[in-house]
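Structure assessment
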Amino acid sequence: MAERPEDLNLPNAVITRIIKEALPDGVNISKEARSAISRAASVFVLYATSCANNFAMKGKRKTLNASDVLSAMEEMEFQRFVTPLKEALEAYRREQKGKKEASEQKKKDKDKKTDSEEQDKSRDEDNDEDEERMEEEEQNEEEEVDN
């Protein structure tokens, strides 16, 4: 847990970026208003987390999951945000699945490349051994001819 109340505030850079994206061009915001929005956002996050934690505890879990957050939003009477949150969650899951599949494919390609390089190396070693064997046989034949 946070030791000081200031530790509970969201980073100012994040709040400023969100505010700028939400306001039309040419509209400014005072430091005082930015601070108030920042504190309100922090309180909202704490409240939503507390409500979501209650749902996790009811489920006898220590880990909050997406369904806990969605249930908390409904309990806090923010039903109109539930559908956009579900859509964002699905988009996030698709993105993560795509990243995971790309990572697995990259690993498979790397393994194939490694296997191919090992086969090439093994062939080269076999060829080197064959050449050495042939040279030895030629030397032995020359020695026999000389004798």
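Let me begin by describing the structure that accompanies this report. These numbers were taken from a predicted model, which means no experiment stands behind them.

Each pair of packed helices gets described by two things: the angle between the helix axes and the distance between those axes. One can describe the packing of helix 2 (residues 31-58) onto helix 3 (residues 66-75) by two numbers: an axis separation of 8 Å at closest approach and a directional angle of 115 degrees. In terms of orientation, helix 2 and helix 3 fall into the roughly perpendicular class. Note that helix 2 runs across helix 3; the crossing there is right-handed. Contact with helix 2, carried on its side by F44, A48, C51, A52, F55 and A56, involves D68, V69, S71, A72, M73 and E75 of helix 3 and no other residues of that element. Taken together, the residues of the contact of helix 2 with helix 3 sort by class into nine nonpolar, one polar and two charged.

This part is about the side chain of D68. As for its placement among the helices and strands, D68 is situated in helix 3. Taking relative accessible area as the criterion, D68 reaches 3% and is therefore assigned buried. Contacts of D68, omitting those with residues within four sequence positions, involve A52, F55, A56, R61 and T63.

The next subject is the packing of aromatic side chains. Under the definition given, this model contains two aromatic pairs. Ring geometry for F44 against F78: centres 5.4 Å apart, planes inclined by 80 degrees, an arrangement best described as edge-to-face. With a gap of 34 residues between them, F44 in helix 2 and F78 in the loop between helix 3 and helix 4 (82-146) connect regions that are remote in the sequence. What makes F78 partly exposed here is its relative accessible area of 28%. For the ring pair F78 and F81, a centre distance of 5.7 Å and an interplane angle of 40 degrees mean the geometry is tilted. Chaining the aromatic ring pairs together yields one cluster made of F44, F78 and F81. Over the face of the ring belonging to F55 we find K58, whose NZ or CZ atom lies 5.0 Å from the ring centre.

The phi torsion at K60 lies on the positive side, around 55 degrees, for a residue other than glycine. Along the polypeptide, K60 turns up in the loop between helix 2 and helix 3. Phi at E77 takes a positive value of approximately 65 degrees, unusual for a residue other than glycine. Topologically, E77 is positioned in the loop between helix 3 and helix 4.

Attention now goes to a negative patch on the surface. There is a patch of like negative charges on the surface, built from D124, E125, D126, D128, E129, E131, E132, E135, E136, E137 and E138. By the element assignment, E137 lies in helix 4. Look at E137 and you get partly exposed, because its relative accessible area is 45%.

A separate point is the packing of helix 1 (residues 12-22) against helix 2. Put simply, helix 1 and helix 2 touch, their axes get as near as 10 Å, and they point 105 degrees apart. Comparing the axis directions of helix 1 and helix 2 gives the class roughly perpendicular. Residues N12, I15, T16 and I19 of helix 1 form the contact with helix 2, whose own contacting residues are R34, I37, S38 and A41. Across the contact of helix 1 with helix 2, the residue classes break down as four nonpolar, three polar and one charged.

Parameters and conventions
Residues numbered from 1 in each chain as written. Predicted model: local features only at pLDDT ≥ 70, side-chain atom pairs only at ≥ 80, totals over all residues. Heavy atoms only, no water. Axes fitted to C-alpha atoms, helices over the stretch in contact; angles between N-to-C directions. Helix = DSSP H or I, 4+ residues; strand = E, 2+ residues; numbered from the N terminus. Parallel < 35°, antiparallel > 145°, perpendicular 65-115°, else oblique. Left-handed = near helix turned anticlockwise from the far one by under 90°. Contact = heavy atoms within 4.5 Å. Nonpolar A, V, L, I, M, F, W, Y, C, P; charged D, E, K, R; others polar. Buried < 20%, exposed > 50% of the residue type's maximum accessible area, 1.4 Å probe, protein only. Phe/Tyr/Trp six-rings, centres within 6.5 Å; stacked < 30°, edge-to-face > 60°. Lys NZ or Arg CZ within 6 Å of the ring centre and 35° of its normal. Patch = residues over 30% accessible without salt bridge, like charges linked within 9 Å, V, L, I, M, F, W, Y side chains within 5 Å. Areas by Shrake-Rupley, 256 points an atom, 1.4 Å probe, with all protein chains shown as cover. Salt bridge = Lys/Arg side-chain N within 4 Å of Asp/Glu carboxyl O. Lys, Arg positive; Asp, Glu negative; His and termini not counted. Charge placed at Lys NZ, Arg CZ, Asp CG, Glu CD.

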